[in-house]
Amino acid sequence: MKNTLLALAPEYRGYNIVVKNKIEDLTEPFERNDLIVLDGVTIPGFPYEYWMDTIPTYFTKNNRWEPPMFAHEVLKEEWSERHRLFRDLDLDEEHTTTFRKMHRRTHQAWLSFQKQLFPNYEGNNEVLSHRYNTLVYNRQHLDLLDGDHTGTEHQLRMSMNLSHKPRTLTVGEHINHLFNRVEDKVRYKDMNIHDFIFELRNEVIWNGENDYAGLPVTFATFPPKSIWIFNSNVMNHSVVWGEKCQMWEMDIYLKTMTSTSNTIPTLVRELQANI
Ligand SMILES: [Fe+2]
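Cut-offs applied
Residues numbered from 1 in each chain as written. Predicted model: local features only at pLDDT ≥ 70, side-chain atom pairs only at ≥ 80, totals over all residues. Helix = DSSP H or I, 4+ residues; strand = E, 2+ residues; numbered from the N terminus. Expected span 1.5 Å × (residues − 1). Buried ≥ 20, exposed ≤ 12 C-beta atoms within 10 Å, placed from the backbone. Arc of directions from axis to C-beta. Contact = placed C-beta atoms within 7 Å. Pairing = 2+ DSSP bridges. Axes fitted to C-alpha atoms, helices over the stretch in contact; angles between N-to-C directions. Core = buried A, V, L, I, M, F, W, Y, C linked by C-beta atoms within 7 Å.

End to end, helix α8 (residues 193–205) covers 17 Å across 13 residues, agreeing with the expected 18 Å (1.5 Å per residue, within 8%). Of the residues making up α8, those classed as buried are Ile193, Phe196, Ile197, Leu200, Arg201, Val204 and Ile205. The arc that holds every buried residue of α8, seen down its axis, measures 125°, which confines them to one face. For α8, the elements touching its buried residues are β7 (167–174), α7 (175–180), β10 (235–242) and α9 (264–273).

Okay, structure coming up:
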């Protein structure tokens, strides 16, 4: 990796950071919840130039986070001057047609690439999303599981930096480490996994007093075109700075995984069993 890592030793984080320079089976590091960075790896058939050079980045007020643009919005919502493709990216109807074509082509490229990295996984809800506004410092957080994720599937998320500048992320401690810092553990004993992650986040990293500057974090930079994969429910994280990126997500059926011992439901159950 061209860029440097200001890193805590892995024992203080609770997971590994691994860098790969070629396409290979990533099942093992992924199922261990490692932070995986693919650098110098090209996705076959991926229209890099279109996303990197034709599509602009844009800014939101106070650099506020915006919901990503998902396939439904890109493909199904009729073009108008209120459509985000026009409002944010300045695409007229004709250029919107090109964007839609590129979306479909890119979806296929991600799908084949995912099969190369994770040949045994089967699942559903494969989705490509676009995030093209410049982000400046969103707070350290754990992503919360939505209602669709109750443990019958395991989420795979891959992101790619489509800017010509590196993206910087801070990654904090594994939830097992975070839970060590909880004072009153008993109240967590019978919580469902959603409440568990929500309460843990609020208590240890998101309470209005703590900030990433006061938490043990590792700074990771992702060069242009690099891809990173991590479990955002397990390791807390924050974007320090970044321009355009795409995300590819999929829900993996647990029965197609080699090991489920590091999925969120299993991790939470183990922490609760030890209270
Ligand atoms: Fe997040």
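Read on for the rest.
Below, the discussion takes up helix α6 (residues 93–117). An ideal rise of 1.5 Å per residue puts 36 Å on 25 residues; α6 measures up with 36 Å between its terminal C-alpha atoms. Listed in full, the buried residues belonging to α6 are Phe99, Thr106, Trp110, Phe113, Gln114 and Leu117. On its buried face, α6 sits against α4 (71–76), α5 (84–87), β4 (123–131) and β11 (245–253).

What follows concerns the environment of Ser129. As for its placement among the helices and strands, Ser129 is situated in strand β4. Between the C-alpha atom of Ser129 and that of Ser159, which follows or precedes it by 30 residues, the distance is 9.5 Å. In this structure Ser129 touches Pro68, Met69, Phe70, Gln246 and Met247, once residues within four positions along its chain are discounted.

With that settled, consider the sheet that holds β4. Reading across from one edge, β2-β3-β9-β6-β11-β4 is the order of the 6 strands in this open sheet, with mixed pairing throughout. Looking along the sheet, the strands with just one partner apiece sit at the ends: β2 (17–20) and β4. For this sheet, the mean angle separating the axes of adjacent strands, direction not counted, is 20°. Summarising the sheet, β2 and strand β3 (residues 35–38) pair through 4 bridges and their orientation is parallel.

This next bit is on the nonpolar core. Ranked by size, the top nonpolar core spans 58 residues in total, and within it Leu35, Ile36, Leu200 and Trp228 carry the most contacts. Looking at this core element by element, the count peaks at 6 residues for α8. Ignoring anything within four residues of it in the chain, the contact list for Leu200 reads Ile175, Leu178, Phe179 and Val182.

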